[in-house]
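Structural description and commentary
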Amino acid sequence: MLIRLRTRDGTERVEVDDKCTLSQLRTLIEEKFGVPTSDQNLSLDQGLLMSKEPDAYDDLKPGRKTDGKQLKSLKIEHGTIVYMTYSVERKVTVCTAAAHNDARGLTGGKMTVEAMIAAQTRIETQESPNVESLSLDGHAANAFQAYVNGTLGFNQMRFGWMYGTCSDGGEVRVHAIYEPEQEGTEDAFVVVEDADEDARAEAIAESLGMTRVGMVFNVTTTKERPDYTMSAFEIRQMAKYQSKYGDKFVTAVVMMLEDEDEGTPQVSFEPFQVSNQCVRLYNEGWFHDEPCENPGHTRLTKDVVVVDKVSKDVTEVDNDRWLVPVKILDHEGPWRTSFPIENRLHPVQTVEDLKDAVSKGGQYCVKLADFHLLLFLSKHLDANDMAVVAVSVAERGEIPEGYQLIINSLAGVGF
C-alpha cells in the first residue's frame, strides 16, 4: 500500500507491504530517505509539523507497545498521510516533492509549512445551510409525489423547478412546481432547458410574484442505497444549479423511506443544499466525468485531503461530505394545483380541463388561480395579454371582460 510521508520539506511516497509494522516503516524511511530511526518523529496529526515540542505527539512514538503493530492496526491505510519531523539535513527526492508541487502550481522557492498546508485542499463538511428553511405548499408537493409514486412507481426519475419566494432571513417558500419537458431513467434525468415553455413559465411566475428558488427530483427504488444518500450524478446537478441560481437555491429530494414506527414504506421530501466548497470545486472544473465504482462517491480531477480519523489524499469523495440538510416545513400557498400538470404522460392537458375550471362558480380570477392552468393559457395568449391576466390573478383583481370572453371562447363556454 502507498503511504504519504509529509515533512517540512515536502511530501514523499512510500510503498509498503500490507502487513508492514511501525518498526519496519521506520527502517524503510531510514533506508530510502536517510533519516535515522532515532531522529524520526512520526504522527498522524499535522500539528506535529508546526510544533516546537514534537515529543508531545506520541501516537506513533517508538516503543514496545507500538513497534510490532501492523500499520493497519494503527489506522494507517492506503493513502494515509503520516507527518514526520527530523533534524538531519537531507535533499528532498525530486520526483516526489518537486513533481508534487509542480502539479499544484507551487514551483518556486522553498515553501513554508503554513503555505504547504494551505495549498492542500481539504474537504470540509458544512455545518449549516445557506438558508433557514424550505417550506413546501402541500398541494404542489402532493401532486409531484403522487405522479412519481402512482404513475411512475418510483421506477424512473422525475424533475421539477420550484417557484416561490425567499425572505431576507433565508426562509424559502415554494408555491408551485413546474415540470419541464424531460427524459428520465432509473438513475438520471435530462431536462430540456431554455425552451419556449420555460420562458413562459418564468414570465408567469414573475407576474405572480415568484422566482425560481429550487428544484425537486425523486430517487428511484430500483436500486438499493444502503450506504449512500445521493449519487454522483445528483450531486453534480445540485452543484450545477446552486452555482447558476445562487447560494439560496435549495433541492428537495423525494425518497421512499421506511417508517421507523410502522415499518412500512413512506414517501418523504428531504431538502438539501450542497456545501459552498462543493459548488466552488464544481465551478473550478474539479469534477471528473468518469464515475467511481462506488455510486455514492464523486471522482475529482485532483488530489484532496479527507479526514476520517486520519488524513488521506484521495481523488474520490463520499457524497455525504457535500450534503447540508435543510429544515423542512409546509404551508398552504396562494395557488391551487388542480389543473393537469404539463409534460406528463397522463393526464394530458386539454381544453376540456379549461372548460371545467372556468365553469365553476366564484370570482373569475380565483378560477384561474392555478399556475399550471395559466401556463396552459400562455400557449394561446401572447405575452402581453398573459401578463395582464396573471397580474390580475396575483392581485385577486377583476379579469378584464375582453380577456374573459377570449378564455371562455377557448374553453367552449357560453356557446
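Anything mentioned here points back to the structure above.
Residues numbered from 1 in each chain as written. Predicted model: local features only at pLDDT ≥ 70, side-chain atom pairs only at ≥ 80, totals over all residues. Heavy atoms only, no water.

**Describing the packing of helix H8 (residues 351-358) against helix H12 (residues 401-411)**
What counts here: In this analysis an axis means a line fitted to C-alpha atoms, helices contributing only their contacting stretch, and an angle means the value between N-to-C directions, from 0 to 180 degrees. By definition, any uninterrupted DSSP run of H or I lasting at least four residues is a helix, any uninterrupted run of E lasting at least two residues is a strand, and each is numbered from the N terminus. If an angle is under 35 degrees, it is roughly parallel; if it is over 145, roughly antiparallel; if it lies from 65 to 115, roughly perpendicular; otherwise it is oblique. Whether two residues are in contact is decided by their heavy atoms, any of which lying within 4.5 Å being enough. Throughout this entry, Asp, Glu, Lys and Arg are counted as charged residues, while Ala, Val, Leu, Ile, Met, Phe, Trp, Tyr, Cys and Pro are counted as nonpolar. The remaining residues, Gly among them, count as polar.
The interhelical angle for the contact between H8 and H12, taken along N-to-C directions, is 130°, at an axis separation of 8 Å. If you check the angle between H8 and H12, you find them oblique. Along its contact with H8, which presents Val351, Leu354, Lys355 and Val358, the element H12 presents Ile407, Asn408, Leu410 and Ala411. Residue composition of the contact of H8 with H12, grouped by class: six nonpolar, one polar and one charged.

**Some details on helix H4 (residues 138-151)**
Spelled out, the test is: Multiplying 1.5 Å by the helix residue count minus one yields the expected span of that helix. Only protein chains enter the accessibility calculation, which uses a 1.4 Å probe; a residue is then buried when its area is under 20% of its type maximum, exposed when over 50%, and partly exposed in between. Here a polar contact is taken to be a pair of N or O atoms separated by no more than 3.5 Å, where protein atoms must pair a possible hydrogen donor with a possible acceptor and residues adjacent in sequence count only if both atoms sit in side chains.
For H4, spanning 14 residues, the distance from its first C-alpha to its last is 19 Å, which sits close to the expected 20 Å at 1.5 Å a residue. What H4 keeps buried is the set Ala140, Ala141, Ala143, Phe144, Gln145, Tyr147 and Val148. Those residues of H4 hidden inside the fold are in contact with strand E5 (133-137), strand E6 (159-166), strand E7 (171-178), strand E10 (211-218), strand E11 (250-258) and strand E12 (265-274). Taking the backbone nitrogen of His139 as reference, a side-chain oxygen 3.2 Å away marks Asp137 as the first, capping residue of H4. Directly beyond the C-terminal end of H4, a positive phi value near 60° is found at Gly153.

**Comments concerning the environment of Val88**
By the element assignment, Val88 lies in the loop between strand E4 (81-85) and helix H2 (94-103). A residue is classified by how much of its surface remains accessible, and Val88, at 28% relative accessible area, is partly exposed. Once you skip the residues sitting within four places of it in the chain, Val88 turns out to touch Gly34, Val35, Pro36 and Asp39.

**What to know about the side chain of Arg299**
As for its position among the elements, Arg299 is in strand E13 (residues 297-308). Judged by its relative accessible area of 18%, Arg299 is buried. Only 3.0 Å separates the side chain of Arg299 from the backbone oxygen of Pro291, close enough to count as a polar contact. If sequence neighbours within four positions are ignored, Arg299 has contacts with Trp286, Phe287, His288, Glu290, Pro291, Cys292, Glu293, Thr315 and Glu316.

**Quick notes on the packing of aromatic side chains**
What counts, and what does not: Ring geometry is summarised as follows: Phe, Tyr and Trp rings, the Trp one being its six-membered ring, pair when their centres sit within 6.5 Å, and such pairs are stacked at plane angles under 30 degrees, edge-to-face over 60 and tilted between the two. Whether a charge sits over a ring depends on NZ of Lys or CZ of Arg being within 6 Å of the ring centre and within 35 degrees of the ring normal.
For the structure on display, the rule yields 13 aromatic pairs. Ring plane angle 45° and centroid distance 5.6 Å describe the contact between Phe189 and Phe217, whose orientation is recorded as tilted. Placement of Phe189 in strand E9 (residues 189-191) and of Phe217 in strand E10 is noted, with a sequence separation of 28 residues between them. With respect to class, Phe189 is no different from Phe217; both count as buried. Arranged with centres 5.1 Å apart and planes meeting at 75°, the rings of Phe189 and Phe233 form a pair that is edge-to-face. One end of the pair, Phe189, is in strand E9; the other, Phe233, is in helix H6 (residues 232-245), and 44 residues separate them in sequence. Among the residues examined, Phe233 registers a relative accessible area of 23% and is labelled partly exposed. An aromatic cluster is built from Phe159, Trp161, Phe189, Phe217, Phe233, Tyr241, Tyr245 and Phe249, whose rings are joined through pairwise contacts. The side chain of Arg212 reaches across the aromatic face of Trp161, ending 4.0 Å from its centre.

**Observations regarding the sheet that holds E7**
Heads up, the rule is: Note on pairing: DSSP must find at least two bridges between two strands before they are called paired.
The sheet built from eight strands is open, its strands ordered E15-E12-E11-E10-E6-E7-E5-E16 with mixed pairing. The two strands at the open ends of the sheet, each matched to only one other strand, are strand E15 (323-325) and strand E16 (328-331). With strand direction ignored, the average angle separating the axes of adjacent strands in the sheet is 40°. When E5 meets E7, the two strands line up parallel, connected through four bridges. Bridge pairing in E7 links Ser133 to Glu171. Strands in contact with H4 are E5, E6, E7, E10, E11, E12 and E16; relative to E5, the strand with the most contacts, it is inclined by about 75°.

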